[in-house]
Amino acid sequence: MTINTLAKGGWHRDQMACFRKMEKVIVAMQDPDMGMKMRNQRLLITVIPHAMTGRDVINWLMQKYNMCEEEALHLGGMLVRYGYIYPLKEPRSLVLRADESPYRFQTPYFWTSTRWPATELDYAIYLAKKNIRKQGELMEYEKERYSVLHKRINHTWDFVVMQAREQLRASKQRRKADRIVLECQEQAYWLINRPPVSLTLSTFRIYFIAHFVCVCVCVCTFCLCLQIEFCRRALGRNRVKSSICLEGFVKYSEQYLSHDPIMQGCLPSNPWISDDTAHWTMNTEVVPIPSRLRVERWSFSFMELLNDAMGRREFMTYLEKEFSAENLCFWQACEDIRHGENSRIVEKVEEVYKNFLAPGAARWVNIDSKTMDKTLKGIQHPHRFVMDDAQMHIYFLMKKDSFPRYLKSDLYKNMLAKAIVPQEVKKSVFPFMRRQRHSSPSPAQAVAQASEEEGRA
Amino acid sequence: MRSPPIPEMATQEVQLSETLAHLKTESDTLKGKLEEERAKLHDVELHQVAEKVEGLGQFVMKTRRTLKGHGNKVLCMDWCKDKRRIVSSSQDGKVIVWDAFTTNKEHAVTMPCTWVMACAYAPSGCAVACGGLDNKCSVYPLSLDKNENLAAKKKSVAMHTNYLSACSFTNSDMQILTSSGDGTCALWDVESGQLLQSFHGHAADVLCLDLAPSETGNTFVSGGCDKKANVWDMRSGQCIQSFETHESDINSVRYYPSGDAFASGSDDATCRLYDLRADREVAIYSKESIIFGVSSVDFSLSGRLLFGGYNDYTINVWDVLKGTRVSILFGHENRVSTLRVSPDGTAFCTGSWDHTLRTWA
């Protein structure tokens, strides 16, 4: 749903799908074999045929869809709110009660989807009928709307009154019981579908008419050409067998299961549940001793290692020992170009060339000649992605070579051994004793302080 | 002078509609072939592969925080990297930055337009981006000076020809990706406001987008009113993959944590999972009793759970592997319009048309 579909017409397309689904449920509820058992309900001294209690509705939904009571109450409540079932005892309270309150199915004639749109004219006729029948005793909001409509469609008012009188006359010829049922149904319909009535065209509508965009699938030639070109390219694509891909999801979920706080909790406790921020304090970007889960995660993939600031720092230390730290420095410098400001691209590319690529550079990186040639040529017209090929080459070099060796190194193994496993802190025994929730410094503050210090230095 | 003879115009019109019909046929034929190719490698269903996986037990999640303060429908929210702050935007034009843990409001900005449908937190935590009916995306640096008017430092970055539906910073504070009701997505340089790349291919409003967490970090996915989810190359602007299996508007797309798949939520009341290597839809998450559309989806940290915020005020929690609904959460009193899991996966936050935001854990 978009902001545009909220304008006249579009809403209909979107809501109709929901109405059709609700109607399926309603039809199933009225199925002669598997549907609800209807019986006569007592309302004061009257006996109402073909009615059911709120409790009946809930039980049926629970049984049919295998759901808990709360969900059945919620779904049943929707059916009442959209007018498919209406209450007999308190007609204006469009709520499903889980008790003996009587309800009835709305006749399909009065379904929102059948009679859409509910016009002001029809509503005016309904109010006029009610006015005549009750001799002016309308509800406050009905009186207001009646007078507004009277002003708005004054030119057709004779027609409105005439229609109202005709319909009343016709209904008098019905049996009393039928007449009462029809009145109930009609009242229920208008409670839900009465059109918003105001003297001025709502600003809401005016705005959206101005911004109206055709929402149906565009069949212009441009879109079709793009579609055709895309299909041709896609046909030549390499695909992987489903069994291999899907197995990947199972493996991934298994590997990360213990790292997922919602699935397995987190140590010492989930801050949102216990009000204790220890978990966050222990896992800030830079800590003296990291947690075991965190260090383990570095071994899952090269990307995990690089994404963690502390992991990246450790890896840099390792590379320095191996005299190949320039690779990581180069990669970081390339990332900076790719994600940095447009205005500094040229200067940054220069720096990178000077430090890493120029012959005799202080931190020369070992790239294959083909990539090097291509990159050097590209540098003459520097742009954001000029370093991409070289960066990718170095990235995969580190991933295939340095990363696996790092994981086997003493540096990593020691880190893993030192890493802490926090004690689980159970929630407070006294539920009424709530911990103080302490605020934390805003990230914006940290940066402001840093620049202040820079200014002073 | 008399107007040109009608028959000539008629011939031109006929030619045009013939070309259109010819193109449509060619497009449909190719689409059919593509579906055939995709089906050839589909040798097993996800729930079959997942049979050996242990089922999930009883699931208890509750509202842990309720954030009150918006005066109208909450439309969008985003987490800060510090795992506790959030930014939210609403129909009345207000954008608020909260410390969701203490429920304190830290910053508030009033936009010059209503229906602020998109908001995003910068990776550094020092700025927020937002936009909506003004067709723009603006960046506000977060000042700590209580007296300073945030609106004064506002920077207009993106300009579309229709409403802004979603925005996201890329890996840094310097670039923003936007999607719009004008049917396009675009990549912008924040400092200069320059358009770096635009992405054309959707046939109607684009409603959502998400950046891929991949190693090479060059793609993103978008979903639109044309029922399509498209995967784009940020460098070239080309659409590299496209999926069209939903029956209605796609309101939300979110990558699976490994980057090999993404989930989508739609007005057709289903969530679907699309695998990028198999190049096809691999799971549908739906129930006969779920009637109302999905506005927003996100994965838990391990990707085992998929959370969906629905238009019937509920949140459904799905077992991604087995395809079953694990739990249904009640609490909001109107449509759930936005849902995001926190960066460390300890909780998720929802925003609703009932004017509140809730954090669940």
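Keep in mind that this is a model prediction, so the values were computed, not measured. (Residues numbered from 1 in each chain as written. Chains lettered and ligands numbered in written order. Predicted model: local features only at pLDDT ≥ 70, side-chain atom pairs only at ≥ 80, totals over all residues. Heavy atoms only, no water.)

Colleague: Please clarify how the pattern of salt bridges should be interpreted in this entry.
Modeller: One pass over the structure, following the stated rule, counts 45 salt bridges over all chains. Of the charged contacts, one joins A:Glu71 and B:Arg325 as a salt bridge, the two residues approaching to 2.5 Å between their closest N and O atoms. With one member in each of two chains, A:Glu71 in helix 3 (residues 69-81) and B:Arg325 in strand 25 (residues 325-329) form a pair that bridges those chains. Residue A:Glu71 shares its accessibility class with B:Arg325, and that shared class is buried. Across the salt bridge formed by A:Lys374 and A:Asp389, the nearest N and O atoms sit 2.6 Å from each other. Taken together, the residues span a long stretch of sequence, with A:Lys374 in helix 20 (residues 369-379) and A:Asp389 in helix 21 (residues 388-408) at a distance of 15 residues. The network of salt bridges with shared partners includes B:Asp78, B:Asp210, B:Arg254, B:Asp298 and B:Arg340. (Salt bridge = Lys/Arg side-chain N within 4 Å of Asp/Glu carboxyl O. Helix = DSSP H or I, 4+ residues; strand = E, 2+ residues; numbered from the N terminus. Buried < 20%, exposed > 50% of the residue type's maximum accessible area, 1.4 Å probe, protein only.)

Colleague: Sorry if this is basic, but what is going on with the UniProt feature "repeat: WD" (unreviewed entry) in chain B here?
Modeller: As recorded in UniProt, the feature "repeat: WD" (unreviewed entry) lies at residues 67-108, 157-198, 199-242, 243-284, 294-328 and 329-361 of chain B. In the segment residues 294-328 of chain B, helix accounts for 0% and strand for 60%; the C-alpha atoms at its two ends are 13 Å apart. (UniProt positions renumbered as here; feature names shortened; annotations may be inferred.)

Colleague: Explanation requested: the confidence of the model for chain A in the structure shown.
Modeller: A low pLDDT score tells you not to read the predicted coordinates there in detail. Averaged over all residues, the pLDDT of chain A equals 85, while 86% of them reach at least 70. Between residues 199-219 of chain A, whose pLDDT stays under 50, and residues either more than four places distant or in other chains, the model counts 24 contacts. (pLDDT = per-residue confidence, 0-100. Contact = heavy atoms within 4.5 Å.)

Colleague: How should the sheet that holds strand 17 (residues 239-243) of chain B be read in this particular structure?
Modeller: Think of a sheet as strands paired side by side through backbone hydrogen bonds, with each pair either parallel or antiparallel. Residue and element names in this part refer to chain B. If you trace the four strands from one edge of the open sheet to the other, you get 14-15-16-17, paired in antiparallel fashion. Two strands bound the open sheet, and with one partner strand each, they are strand 14 (206-211) and strand 17. For this sheet, the mean angle separating the axes of adjacent strands, direction not counted, is 20°. (Pairing = 2+ DSSP bridges. Axes fitted to C-alpha atoms, helices over the stretch in contact; angles between N-to-C directions.)

Colleague: Sorry, what's going on with the sheet that holds strand 26 (residues 336-341) of chain B here?
Modeller: Residue and element names in this part refer to chain B. The four strands are arranged 1-28-27-26 in an open sheet whose pairing can be described as antiparallel. In this open sheet, the two edge strands, each paired with only one partner strand, are strand 1 (63-68) and strand 26. Geometrically, the sheet is characterised by an average inter-axis angle of 20° between neighbouring strands, direction not taken into account. In this sheet, strand 28 (residues 356-360) lies alongside strand 27 (residues 348-352) in antiparallel orientation, the contact comprising four bridges. Looking at the pairing, Cys349 lines up with Thr359 of strand 28.

Colleague: What is the right way to read the UniProt feature "domain: RGS" (unreviewed entry) in chain A from this model?
Modeller: Within the UniProt annotation, "domain: RGS" (unreviewed entry) is assigned to residues 301-416 of chain A. Helix makes up 74% of residues 301-416 of chain A and strand 0%, with an end-to-end C-alpha separation of 16 Å.

Colleague: Please clarify how a nonpolar patch on the surface should be interpreted in this entry.
Modeller: Residues and elements named next belong to chain A. A grouping of Leu121, Phe159 and Met162 is seen on the molecular surface, where their side chains present a nonpolar patch of about 260 Å² in accessible area. Among the secondary structure elements, Met162 is positioned in helix 7 (residues 157-172). Residue classification places Met162 among the partly exposed residues on the basis of a relative accessible area of 49%. (Patch = residues over 30% accessible without salt bridge, like charges linked within 9 Å, V, L, I, M, F, W, Y side chains within 5 Å. Areas by Shrake-Rupley, 256 points an atom, 1.4 Å probe, with all protein chains shown as cover.)

Colleague: How do you make sense of the side chain of B:Arg38 when you look at a structure like this?
Modeller: In this structure, B:Arg38 sits in helix 1 (residues 6-40). On the basis of relative accessibility, which here comes to 5%, the residue B:Arg38 falls in the buried class. Here the side chain of B:Arg38 touches B:Asp279 through a polar contact of 2.7 Å, landing on its backbone oxygen. Setting aside anything within four residues of it in sequence, one finds B:Arg38 in contact with A:Arg239, B:Ser242, B:Phe243, B:Asp279 and B:Arg280. (Polar contact = N/O pair within 3.5 Å; in protein donor to acceptor, adjacent residues only side chain to side chain.)

Colleague: I'm lost on the interface of chain B and chain A in this one. Help?
Modeller: Often, the extent of an interface is quoted as the loss of accessible area upon association of its parts. The partner chain A presents 104 residues to the 122 residues of chain B that form the contact. Each partner contributes to the roughly 9,900 Å² buried at the junction of chain B and chain A, and carbon and sulfur atoms together form 63% of this total. Broken down residue by residue, the surface that chain B buries against chain A is led by B:Phe101, B:Glu215 and B:Ile291, which jointly contribute 7%. Across the contact surface, chain B and chain A share seven salt bridges. Across the pair B:Arg235 and A:Asp388 runs a salt bridge, and its minimum N-O distance is 3.0 Å. Those elements giving two or more residues to the side of chain B that touches chain A turn out to be helix 1, helix 2 (46-49), strand 1, strand 17, strand 20 (271-275), strand 21 (280-285), strand 23 (305-310) and strand 25 of chain B. In terms of residues, the side of chain B that touches chain A owes the most to one element, helix 1 of chain B, which gives eleven residues. Class assignment for the residues of the side of chain B that touches chain A results in 52 nonpolar, 32 polar and 38 charged. (Buried area = accessible area lost by both parts, 1.4 Å probe. Nonpolar A, V, L, I, M, F, W, Y, C, P; charged D, E, K, R; others polar.)

Colleague: For this particular structure, what's the right way to read helix 22 (residues 410-418) of chain A?
Modeller: Residues and elements named next belong to chain A. Burial in helix 22 covers these residues: Tyr412, Met415 and Leu416. Burial along helix 22 is one-sided: seen end-on, the buried residues are contained in an arc of 100°. Opposite the buried face of helix 22, at more than 90 degrees from it, the exposed residues are Asp410, Ala417 and Lys418. Looking at the buried residues of helix 22, the elements they touch are helix 15 (292-298), helix 17 (309-321) and helix 21. (Arc of directions from axis to C-beta.)

Colleague: It is not clear to me how the environment of B:Gly93 should be interpreted in this structure. Could you clarify?
Modeller: Residues and elements named next belong to chain B. Relative to the elements of secondary structure, Gly93 occurs in the loop between strand 3 (85-90) and strand 4 (94-99). Gly93 sits 20 residues away from Cys113 along the chain, and the two C-alpha atoms are 5.7 Å apart. Look past the residues within four positions of Gly93 in its chain and what remains in contact with it is Val109, Thr110, Met111, Cys113, Thr114 and Val116.

Colleague: Explain the pairing of strand 25 of chain B here, please?
Modeller: Consecutive residues of a regular strand have side chains that alternate between opposite faces of the sheet. Residue and element names in this part refer to chain B. In terms of burial, strand 25 is a largely internal element, four of the five residues being buried. Note that strand 24 (residues 315-319) and strand 25 share four bridges and pair antiparallel. For Asn316, the partnering residue across the bridge sits in strand 25 and is Ile328. A loop of five residues connects strand 24 with strand 25, the two strands running antiparallel in sequence, and Gly323 in this loop sits at a positive phi of about 80°.

Colleague: Looking at this structure, I do not really get the packing of aromatic side chains. What am I missing?
Modeller: Any aromatic ring pair is given by two values, namely how distant the centres are and how the planes are angled relative to each other. Considering all chains together, one arrives at 39 aromatic pairs over all chains under this definition. Relative to B:Trp318, the ring of B:Tyr285 has its centre 6.0 Å away and its plane inclined at 50°; by these criteria the two rings are tilted. Placement of the pair is B:Tyr285 in strand 21 and B:Trp318 in strand 24, with a sequence separation of 33 residues. Taken together, A:Phe302, A:Phe315, A:Tyr318, A:Trp331, A:Tyr395, A:Phe396, A:Phe403, A:Tyr406 and A:Tyr412 form an aromatic cluster joined through their ring pairs. Over the face of the ring belonging to B:Trp353 we find B:Lys73, whose NZ or CZ atom lies 5.0 Å from the ring centre. (Phe/Tyr/Trp six-rings, centres within 6.5 Å; stacked < 30°, edge-to-face > 60°. Lys NZ or Arg CZ within 6 Å of the ring centre and 35° of its normal.)

Colleague: Whenever I open this one, the nonpolar core confuses me. Can you help?
Modeller: Nonpolar side chains in soluble globular proteins generally cluster together in the buried interior. Residue and element names in this part refer to chain A. Counting residues in each nonpolar core, the largest one holds 40 residues, and the members touching the most others are Phe315, Phe330, Leu357 and Met387. Looking at this core, the elements with two or more residues in it are helix 15, helix 16 (302-307), helix 17, helix 18 (325-339), helix 19 (345-357), helix 20, helix 21 and helix 22. If you tally residues by element for this core, the top one is helix 18, at eight residues. The residues touching Met387, leaving out its near neighbours within four places in the chain, are Phe330, Cys334, Ile337, Val349, Val352, Leu357, Thr375 and Ile379. In terms of nonpolar packing, the next biggest core, distinct from the first, is built from 30 residues, Ala28, Leu79, Tyr103 and Trp111 among them. (Core = buried A, V, L, I, M, F, W, Y, C linked by side-chain atoms within 4.5 Å.)

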